[in-house]
Amino acid sequence: MYQVLIIVDKSGWSYDAIARGLVSSTRRDELSFAIVPLEGGLEYIEREHDKYDLVVAMGWTLVMSKKPKHRYRHELTFLDRNKLVAGIHSHRSWDGYASLPDACPAPPAELIEQLSRLRSVNAISRRLFDLFRKAGLTNVVLTENGVDADLFTPTRPISVDRQRPIVVGFCGSTNIDKHDHLKGYSEFIAPLRDLPNVEVKVLGGKGDQRITRAEMPYLYNQIDLYICASTSEGFSQSVLEASSCGRGVISTRVGGCEDLITEGHNGFFIERHLPAIKRLVTRLEADRALVRQLGEHNRQRILERHAWTIQGPVWLEFIEANLREQVGT
């Protein structure tokens, strides 16, 4: 039996959710997975890593650190780079927060050089994959992000009754200035409350307001439409989860949203321009049947392309290919 160690940052966070979705959807008798967080698990990783045939760092920043002026160095240097693969999940881990929907800087040459020394690298959206391939990274593979479609499932139909407000949902921090700017909450989402018959609902929170993952499907089912106004995304877990719960998405042209959305079928693309966003939301508030249709189509899109039952085998092939190369079979 092959032993695979998956390193995540913290239990319950996004990397952990992706790892657990992958493992639960891709059971193989010949494969055994262990998911270990760096927070609280570093001693185990250092002590036991040699027992594993392959080590999967869910994100490259878990095993490499970015230094000033685009200098990169390896962390967890005890790990055998010949048995190590790592993921690319975002632009913000390397771009100095410069990426925009219509302008993404190329990854630095030194980062490409360091990632080239790993056994392999996976990117979770086509935009990230194309960026790194164009920059010269030859050992990168596309493995799009997935979602647990059994956990995140529609339980409440979207109402077509205009006697109630249309509810636009957003998931993310609203009290950190840099994060707020990158996500566009204060500038492009909160002002939608000024529109007639429109409610904006922030899903989840921090500290005492933090919501468990098991509670999130209930919250997604309380909204009618999900909005993403980010400067960049890899492949947003929140977008996937809302979509899986049968909610349509309006989003900037970022990362995985480009892979997910067909304009007018299961969502709409927006510019980071408040008047235009307001016009679209006003149109959707007046056409609740379209809003319901977007949600139904989006749930179907998830089941056809982005549920872990679909994407899990793609990730598994990536892992198995590296195992075959590692053991020479």
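See the structure shown above.
Computed from a predicted structure; not experimentally measured. (Residues numbered from 1 in each chain as written. Predicted model: local features only at pLDDT ≥ 70, side-chain atom pairs only at ≥ 80, totals over all residues. Heavy atoms only, no water.)

(A) Spatial organisation of the pairing of strand β6 (residues 84–88). Counting buried residues in β6 gives 5 out of 5 residues, a clear majority hidden from the surface. Neither face of β6 is exposed, since Leu84, Ala86 and Ile88 on one face and Val85 and Gly87 on the opposite face are all buried. For strand β3 (residues 54–57) and β6, the ladder comprises 3 bridges, and the chain directions are parallel. Bridge pairing in β6 links alanine 57 to alanine 86. Looking at chain direction, β6 and strand β7 (residues 120–123) are connected through 4 bridges and run parallel. Along β7, the bridge assignment pairs isoleucine 88 with alanine 123. The parallel pair β6 and β7, bridged by helix α3 (residues 109–116), forms a crossover whose chirality is right-handed. (Buried < 20%, exposed > 50% of the residue type's maximum accessible area, 1.4 Å probe, protein only. Helix = DSSP H or I, 4+ residues; strand = E, 2+ residues; numbered from the N terminus. Pairing = 2+ DSSP bridges. Right-handed = clockwise from strand over helix to strand, strands pointing away.)

(B) Main features of the packing of helix α10 (residues 274–286) against helix α11 (residues 288–306). Where α10 contacts α11, the two axes come as close as 5 Å, and the packing angle between them is 100°. The angle between α10 and α11 falls in the class roughly perpendicular. Contacts between α10 and α11 involve Arg283, Leu284, Glu285 and Ala286 from the first element and Arg288, Leu290, Val291 and Leu294 from the second. Considered class by class, the residues forming the contact of α10 with α11 number 5 nonpolar, no polar and 3 charged. (Axes fitted to C-alpha atoms, helices over the stretch in contact; angles between N-to-C directions. Parallel < 35°, antiparallel > 145°, perpendicular 65-115°, else oblique. Contact = heavy atoms within 4.5 Å. Nonpolar A, V, L, I, M, F, W, Y, C, P; charged D, E, K, R; others polar.)

(C) Structural view of helix α2 (residues 38–48). For α2, every residue scored as buried is listed here: Gly41, Ile45 and Glu48. Across the axial projection of α2, the buried residues extend over an arc of 80°, all falling on one side. Seen from the open side of α2, the exposed residues pointing more than 90 degrees away from its buried face are Glu43 and Arg47. (Arc of directions from axis to C-beta.)

(D) The side chain of threonine 143, seen in detail. Along the chain, threonine 143 falls in the loop between β8 (140–142) and β9 (166–171). The contacts of threonine 143, once residues within four sequence positions are left out, are Asn122, Ala123, Ile124, Val314, Trp315 and Phe318.

(E) Representation of the pattern of salt bridges. Overall, the coordinates contain 13 salt bridges when judged by the stated rule. For the salt bridge of lysine 10 with glutamate 39, the shortest nitrogen-to-oxygen distance reads 3.5 Å. Taken together, the positions of lysine 10 in the loop between β1 (2–8) and α1 (14–25) and glutamate 39 in helix α2 put the pair 29 residues apart, joining distant regions of the chain. The salt bridge involving arginine 126 is made with glutamate 144; its shortest N-O contact spans 3.9 Å. With arginine 126 in helix α4 (residues 126–134) and glutamate 144 in the loop between β8 and β9, this pair connects stretches of sequence that are 18 residues apart. (Salt bridge = Lys/Arg side-chain N within 4 Å of Asp/Glu carboxyl O.)

(F) Representation of the packing of helix α8 (residues 237–244) against α11. Where α8 meets α11, the closest approach of the two axes is 7 Å, and the angle between their N-to-C directions is 115°. Residues Leu240, Ser243 and Ser244 of α8 pack against Asn298, Arg299, Ile302 and His306 of α11. When its residues are assigned to classes, the contact of α8 with α11 shows 2 nonpolar, 4 polar and 1 charged.

(G) A look at the packing of aromatic side chains. Applying the stated rule across the entire model yields 5 aromatic pairs. Judged by centre distance (5.5 Å) and plane angle (85°), the rings of tryptophan 94 and phenylalanine 132 are edge-to-face. With a gap of 38 residues between them, tryptophan 94 in the loop between β6 and α3 and phenylalanine 132 in helix α4 connect regions that are remote in the sequence. For tryptophan 94, a relative accessible area of 1% corresponds to the buried category. Judged by its relative accessible area of 0%, phenylalanine 132 is buried. (Phe/Tyr/Trp six-rings, centres within 6.5 Å; stacked < 30°, edge-to-face > 60°.)

(H) Representation of the pairing of β9. Within β9, 5 of the 6 residues are buried, which leaves it mostly tucked inside the rest of the structure. Two elements, β9 and strand β10 (residues 198–203), share 6 bridges in a ladder whose sense is parallel. By the bridge assignment, phenylalanine 170 is partnered in β10 with valine 202. Sheet analysis places β9 next to strand β11 (residues 225–228), joined by 2 bridges and oriented parallel. Residue valine 168 lies in a different strand from β11, and its bridge partner there is leucine 225.

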